[in-house]
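Chain and residue survey
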Amino acid sequence: MKKERIVVAYSGGLDTSVIVKWLQETRNAEIVTVTGDLGQKKELTGVKEKAIATGAKKAYVLDLQKEFVEQYLWPTLKAGALYEHTYPMATSIGRPLLAKALVDVARKEGCTAVAHGCTGKGNDQVRFEVAIAALAPDLKVIAPLREWEFRSREEEIAYCEKHGIPVSATKKNPYSIDENLWGTSIECGVLEDPMVEPPLDAYQRTVSPAEAPDTPTYVTIDFRQGTPVAVNGKKLDVVALIQKLNEIGGANAIGRLDLVENRLVGIKSREIYEAPGATILHFAHRELERLTLDKETMHYKAKMANDYADMIYNGLWFTPLREAMDAFIDETQKTVTGTVKVKLYKGTLEIAGRTSPHSLYDLKLATYTDEDTFDHGASAGFITIYGLPAKTFYRVNTTNGRKKTSAAKK
Ligand code: ARG
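As the structure is a computational prediction, the values presented were derived from the model and not from experiment.

One way to put it is that helix H1 (residues 14-27) packs onto helix H7 (residues 153-162) with a least axis distance of 10 Å and a crossing angle of 55 degrees. In this view, H1 runs oblique relative to H7, as classed from their interaxial angle. Relative to H7, H1 is oriented so that their crossing is left-handed. Listed contacts from H7 to Leu 14, Asp 15, Val 18, Lys 21, Trp 22 and Glu 25 of H1 are Arg 153, Glu 156, Ile 157, Tyr 159 and Cys 160.

The residue Gln 65 is located in helix H3 (residues 65-79) in this model. With sequence-adjacent residues up to four places away left out, Gln 65 is seen in contact with Asp 37, Leu 38, Gly 39, Leu 181, Val 239 and Gln 243.

A few words now on the side chain of Glu 287. Structurally, Glu 287 is set in helix H9 (residues 276-292). Contacts of Glu 287, omitting those with residues within four sequence positions, involve Val 340, Ile 351 and Arg 354.

Relative to the helices and strands, Tyr 345 resides in strand S13 (residues 338-345). Tyr 345 sits in the partly exposed class, given a relative accessible area of 30%. When the C-alpha positions of Tyr 345 and Ala 212 are compared, they lie 7.7 Å apart, and in sequence the two are 133 residues distant.

Attention shifts here to the pairing of strand S7 (residues 183-187). Burial analysis of S7 places five of its five residues in the buried class, which makes it a mostly covered element. Taken together, the five bridges between strand S6 (residues 176-180) and S7 define a ladder with antiparallel strand orientation. Along S7, the bridge assignment pairs Asp 178 with Ser 185. The antiparallel pairing of S6 with S7 creates a hairpin that spans two residues between the two strands. Bridging between S7 and strand S12 (residues 268-274) involves three bridges; their strand directions are antiparallel. From the neighbouring strand, Thr 184 faces S12, where its bridge partner is Glu 274.

About the cut-offs
- Residues numbered from 1 in each chain as written.
- Predicted model: local features only at pLDDT ≥ 70, side-chain atom pairs only at ≥ 80, totals over all residues.
- Heavy atoms only, no water.
- Axes fitted to C-alpha atoms, helices over the stretch in contact; angles between N-to-C directions.
- Helix = DSSP H or I, 4+ residues; strand = E, 2+ residues; numbered from the N terminus.
- Parallel < 35°, antiparallel > 145°, perpendicular 65-115°, else oblique.
- Left-handed = near helix turned anticlockwise from the far one by under 90°.
- Contact = heavy atoms within 4.5 Å.
- Buried < 20%, exposed > 50% of the residue type's maximum accessible area, 1.4 Å probe, protein only.
- Pairing = 2+ DSSP bridges.

See below:
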């Protein structure tokens, strides 16, 4: 009988290494691993060899960076999506792309199931599984961490030793870290106490404000239709552009976040994040929109930004609603073209200037000098009618500024 073939989302770490062997053993399956390069700094050289040494039949290491930026990060940026008004969602937005890569390989390799190394109490299991269900409803999903017998890291290491799986000798990091081009997520260890200030060693890619330069750094970013295209006047490819801003931001202590957040599975968790490039880009993009979007669109879009962030965070990327939101957002971005100058200084961001060919800022209307063309007289009639509903309500329901009893009591 033909063996079952399973695709495993493989990072090369302890859990996913154990998964490769465990699935072979418990299901007598053939394993194909997939490792996605989303711009994590961790070396991916050797991952393929390690997967094969662990027993995989075939191992894919895929460079997904460009697709990540163009199809996932730019929509997120254009939407202004920050979960709970704060987190740029580096981890969350990487999951649908990894799920898509897993499905693609599963198809190519004739696999009937996909396995991932997410725990049973996090958001990532939901993101993977909902995305896979949407893209390939026939594929089975296996989540070994929800069902296997290992209760600790030590037990997993013992299993590796028993089966000759290479376990890297490096000391266990005190934190659980997930990183990619858009940012780093850091949790566990002492960070589990929300009253504990993150120790210096918790941060991976930013200096502290105290270590940052004593003079400000200026950065200009050019946007075309909501998408960043150049930094300091230099056109860069999409991956290099974010790398560049990560570098400049990281050196100026930009993008550190410490967040108690609401997980989809009902838990409140505390995590710290570093997203220097994403923080600069969200800031600059928002400033450009202030200049180029009309008031109603800007206010409406801000409400949608929260919903869009929830969709990403809650694993609803591959959904008709998200696609429809993208259509709306892209329409709003047609005039979001221009240049923003940002000042970085010891962890802070300030707007230092903005300009756009689509700027709605009209000096002739705004000025207090004699160049003024605004029709002051028109305000009087406007205010009379604008205030009429409030005036009518209080005329009917108050006497000498006090609520009438019938209106106050009922
Ligand atoms: N809380 C974040 C999210 O759900 C990150 C989760 C992964 N964090 C980690 N340190 N491994 O998007």
